[in-house]
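Examining the three-dimensional arrangement
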Amino acid sequence: MAGTMHDFRKMADEVRNWGRWGAADEVGTLNFITPEKVVEAAGLARQGKVFPLGVDFGSNGPQGAFKFRNNPVHVMTVDGGDADTLVRYGPEWLRNAVAHDVSAFFADNPFRFNDDMVVMNLQAASQWDALSHVYYEDKLYNGFPADSVTSFGAYHCGIDKVDGKGITSRGVLLDVVRFRGAEVFLEPGSPVTPDELDAVARSQGVQVRSGDVVLVHTGWWTRFSATGDGAEAGSGLDWRCAAWLHANEVAAVAADNLMVEDPDPSAGVEGTFLPMHMLCLRDMGLMLGEYWDLGALSADCAADGIYEFQLIAPPLSVVGAVGSPVNPIAIK
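Residues numbered from 1 in each chain as written. Predicted model: local features only at pLDDT ≥ 70, side-chain atom pairs only at ≥ 80, totals over all residues. Heavy atoms only, no water.

1. Focus on helix H6 (residues 194-204)
Inspection of H6 places Glu 196, Leu 197, Ala 199, Val 200, Ala 201 and Gln 204 among the buried residues, and these make up the whole buried set. Each element contacted by the buried residues of H6 is listed here: strand S7 (168-175), helix H5 (176-180) and helix H8 (241-247). The first or second residue beyond H6 is Gly 205, which carries a positive phi of 70°. (Buried < 20%, exposed > 50% of the residue type's maximum accessible area, 1.4 Å probe, protein only. Helix = DSSP H or I, 4+ residues; strand = E, 2+ residues; numbered from the N terminus. Contact = heavy atoms within 4.5 Å.)

2. Structural notes on unusual backbone geometry
One non-glycine residue, Glu 249, adopts positive backbone phi at about 50°. One can find Glu 249 in the loop between H8 and strand S9 (252-255). Take Glu 249: its relative accessible area is 26%, and that puts it in the partly exposed class.

3. A few points about the side chain of Ser 298
By secondary structure assignment, the location of Ser 298 is in helix H10 (residues 295-304). Residue classification places Ser 298 among the buried positions, given a relative accessible area of 4%. Excluding its chain neighbours within four sequence positions, the residues that come into contact with Ser 298 are Leu 173, Asp 175, Arg 178 and His 217.

4. Details of the packing of aromatic side chains
With the rule as written, the count across this model stands at eight aromatic pairs. Each ring, one from Trp 128 and one from Trp 292, has its centre 5.1 Å from the other, and the planes form 75°; the classification is edge-to-face. Here the residue Trp 128 occupies a position in strand S4 (residues 127-129), and Trp 292 occupies one in the loop between strand S10 (287-290) and H10, the gap between them amounting to 164 residues. For Trp 128, a relative accessible area of 0% puts it in the buried group. For Trp 292, a relative accessible area of 0% translates into the label buried. Each ring, one from Trp 221 and one from Tyr 291, has its centre 6.1 Å from the other, and the planes form 70°; the classification is edge-to-face. Separated by 70 residues along the polypeptide, Trp 221 in helix H7 (residues 220-227) and Tyr 291 in the loop between S10 and H10 bring together distant segments of the chain. Residue classification places Trp 221 among the buried positions, given a relative accessible area of 9%. The exposure class of Tyr 291 is buried, given its relative accessible area of 2%. An aromatic cluster is defined as three or more aromatic residues linked by ring pairs; in this entry it consists of Trp 220, Trp 221, Phe 224 and Tyr 291. (Phe/Tyr/Trp six-rings, centres within 6.5 Å; stacked < 30°, edge-to-face > 60°.)

5. What about the pattern of salt bridges?
One pass over the full model with this rule turns up 21 salt bridges. Put simply, Asp 238 and Arg 240 hold a salt bridge, and the shortest N to O gap is 3.3 Å. Members of the salt-bridge network, linked through shared partners, are Lys 37, Glu 40, Arg 170, Arg 209, Asp 212 and Glu 308. (Salt bridge = Lys/Arg side-chain N within 4 Å of Asp/Glu carboxyl O.)

6. Observations concerning the nonpolar core
Counting residues in hydrophobic clusters, the biggest one holds 71 residues, and the most contacted among them are Trp 128, Leu 215 and Trp 292. Counting 10 residues, the second-largest nonpolar core is a separate cluster that includes Ala 125, Trp 220, Leu 274 and Tyr 291. (Core = buried A, V, L, I, M, F, W, Y, C linked by side-chain atoms within 4.5 Å.)

7. With respect to a nonpolar patch on the surface
The grouping of Val 73, Val 75, Met 117 and Val 119 at the surface amounts to a nonpolar patch, some 320 Å² of accessible area in total. Counting residues per element, the ones that place at least two in the nonpolar patch are strand S2 (73-78) and strand S3 (115-119). Topologically, Met 117 is positioned in strand S3. (Patch = residues over 30% accessible without salt bridge, like charges linked within 9 Å, V, L, I, M, F, W, Y side chains within 5 Å. Areas by Shrake-Rupley, 256 points an atom, 1.4 Å probe, with all protein chains shown as cover.)

8. What to know about the sheet that holds S9
Pairing in this open sheet of nine strands is mixed, and the strands run S1-S13-S11-S7-S8-S9-S10-S4-S12 from one edge to the other. The two strands at the open ends of the sheet, each matched to only one other strand, are strand S1 (50-52) and strand S12 (323-325). For this sheet, the mean inter-axis angle between neighbouring strands, taken without regard to orientation, is 25°. Here S9 pairs with S10 via three bridges, running parallel. Residue pairing for S10: Ala 252 is matched across the bridge by Met 287. (Pairing = 2+ DSSP bridges. Axes fitted to C-alpha atoms, helices over the stretch in contact; angles between N-to-C directions.)

See the structure below:
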């Protein structure tokens, strides 16, 4: 059942962390990751098993179905054929001074190189939402003005402000797919509730503690890998899970789907879109990770019964960006 705006505002007041870490704070719940928490997380790397959680950044990524984001475009700027071409023809027809100098260098030197570039949305695949990504009523997290995000980027709460934290902590996987006995993924129409998150944790024998990064396995990425349909919906966290994240002092949350929260408007808040994004990013100051591949990690956790691990997931420090690609790893 959808909530009302009254319900939403009541919860916003309950979870809002503005001023909790000072008026100048721009990293929000990452403050829960203390030095002691980092030490604790490092102690969880006991078996030497490494699980890459990032997905490929390529032309077959999940963003092709959406009009406002595209899959990455990878372009070679120098490749193997360029060297011989420059040596053979460069001095005669190249008028660019730099190209002319390069051709001369290649002519009497065995060194060769390849170079490339990528054009992409920063949230094209595995990524973090910065706290400046979502706002409402002209305010970002901690009360910073929304118009401080301009065409030059985010002056407040940009992803670069996270650089000092690094985002390494104890990770906890909550495998909702396995808990429900779903064949592949959580089909639309069945949001994950706060009570269910507690039940999943109990069934796995794991506790969520202050400063943890919680990973929610919905099976969406496994489904996408099989179908290639980036527009196919699946279930995610009910918007009321924001209160659960707040109560457990979670540092950040990530999932293997496209929004973390459930996209079904009938299970959201009447009159608005993605209410959990608003509560987490704008009110709580809690970052969201999307499009993480949790398949191999979930299988291993089920096999050994250990659902905690060291998680290392720093974003790129793109100045003023409202999101960042990430290649997170879990170490057990």
